[in-house]
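A look at the structure
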Amino acid sequence: MRRGALGAWWSQGLRTAALLRPDWSGLQVTPGIVAWLVLLPFGVGLGLDRLAIDGAATFYWPSLLSGWLGTAVAIWACWLLVPRPATDTAHTAGVPPSAAALFAMLSAQALTLTVVCGLLLLPMARDATWAATPFGRWMTWAAWALALAWCAAAPVVLVWRSGTQRIKPRAIATALLLGTVALNLWLQPTRHWYPSDPQGADAAAAEPLRFTQELLELQPQILQTKLQAVGAERPGVVDLYAITFAPYASEDVFQRESELVATLMQERFGAAGKSLQLVNNRRTVRDWPWATPLNLQRAIRRVAQVMNRDEDVLFIHLTSHGARDGQLAAEFWP
């Protein structure tokens, strides 16, 4: 690798990130250069992701196997735009010498995009109170929109100016790149870093559920006790009955949301004595029945027995991860 070859690529990548035309003359394309141009932005992105977590964090190694669809699409788009064999000779300032050179320029551009957008969004990611005010929320959305627009516009401008002058290949390459950006937003790729497990007393509280015969025998008793405790309706009064269902045990946020909603229904809407929580969480296994589809059916049937369906109201709150087809994620290992 010629000394200063990478610096020339970074310099031209910075120009393209600023939506300027690159100068292709004198740029070398070798396997080693392309590897550096691809891996360095990736490594910088890993570092910025780690800095976004305040406190100890754990690296999720399987994440290294995901998220490469954009790279594959970029290679295909470059081949579509510049279907010429690679050479090492200098070319005119406006045309890349090969598809490999165009891909290398996209990778060099990615370093600038990664660093600038990462530094712009990092303070907001570390400080959750930033979005606690209307102005903070507006600034957060504006920063994300600006970063997204720039990350989409810079590669599109580069590929539109490079290679063939035919409209169709350039339009297809543009659609591929924009489609990849949209797909990444929609699928939410696997994160590389996660907050580490708590230590000390918090770590003991975070231990997974341990099945025992006592616990398995206790659950049906809890269910029957809670079902029988649902109070009867009052004639001539519109009573509110509430069932909360939180089936995803791996994240405490769903249990907390279920408890918050149940408390709100009891204190503000008169559901005291007429509410039932179904929860999958290791902290509540001795307090509430498990959130299973069968238990939910049993709870609904019990409420149907005691309520006046002509005047009373049944409120059911479901909280979990979900899918676009309406399915909810239920998980309570083991």
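Below you will find a few notes about this structure. (Residues numbered from 1 in each chain as written. Predicted model: local features only at pLDDT ≥ 70, side-chain atom pairs only at ≥ 80, totals over all residues. Heavy atoms only, no water.)

1. With respect to the pattern of salt bridges
Operational definition: By salt bridge we mean one thing: a side-chain nitrogen of Lys or Arg within 4 Å of a carboxyl oxygen of Asp or Glu. Secondary structure follows DSSP: runs of H or I at least 4 residues long count as helices, runs of E at least 2 residues long count as strands, and numbering of each begins at the N terminus.
Per the counting criterion, the structure on display carries four salt bridges. A salt bridge links arginine 283 to aspartate 252; its shortest N-O distance comes to 2.4 Å. Highlighted residues: arginine 283 in the loop between strand 4 (275–279) and helix 10 (293–306) and aspartate 252 in helix 9 (residues 252–269), separated in sequence by 31 residues. Among the ionic contacts, a cluster of salt bridges with common partners joins Asp252, Arg282 and Arg283.

2. Points about helix 8 (residues 213–228)
Put simply, the rule reads: A helix is expected to span 1.5 Å for every residue after the first. In this analysis, two residues are considered to be in contact whenever any of their non-hydrogen atoms come within 4.5 Å of each other.
With 16 residues, helix 8 should reach 22 Å at 1.5 Å per residue; the first-to-last C-alpha distance of 24 Å fits that figure. The inward-facing, buried residues of helix 8 contact strand 4 and helix 10.

3. Observations regarding the environment of arginine 137
Relative to the helices and strands, arginine 137 resides in helix 5 (residues 134–161). Along the primary structure arginine 137 and methionine 124 are separated by 13 residues, whereas in three dimensions their C-alpha atoms are 9.9 Å apart.

4. Observations regarding a nonpolar patch on the surface
Note the threshold: The patch calculation keeps residues exceeding 30% relative accessible area without a salt bridge and links them within 9 Å when they carry like charges or within 5 Å when they are nonpolar (Val, Leu, Ile, Met, Phe, Trp, Tyr). The Shrake-Rupley method, run with a 1.4 Å probe, gives the accessible areas here. Residue values count only the displayed protein chains as cover.
On the surface, Ile300, Ile316, Leu318 and Leu328 cluster together into a nonpolar patch covering about 290 Å² of accessible area. The residue isoleucine 300 is located in helix 10 in this model.

5. So, the sheet that holds strand 3 (residues 240–246)
Our working rule: Pairing between strands requires that DSSP locate at least two bridges from one strand to the other. Lines fitted to C-alpha atoms define the axes here, with helix axes fitted over just the stretch in contact, and angles between the N-to-C directions of these axes take values from 0 to 180 degrees.
Pairing within the open sheet is parallel, and its three strands lie in the order 4-3-5. Sheet topology places strand 4 and strand 5 (313–318) at the edges, where each strand pairs with a single neighbour. Adjacent strand axes in the sheet meet at a mean angle of 10 degrees when their direction is disregarded. Relative to strand 4, strand 3 runs parallel, the two sharing five bridges. By the bridge assignment for strand 4, threonine 244 is matched with glutamine 277. Helix 9 contacts strand 3, strand 4 and strand 5 of the sheet and is inclined by roughly 175 degrees relative to strand 3. Those strands touched by helix 10 are strand 3, strand 4 and strand 5, and its axis lies near 175 degrees from that of strand 3.

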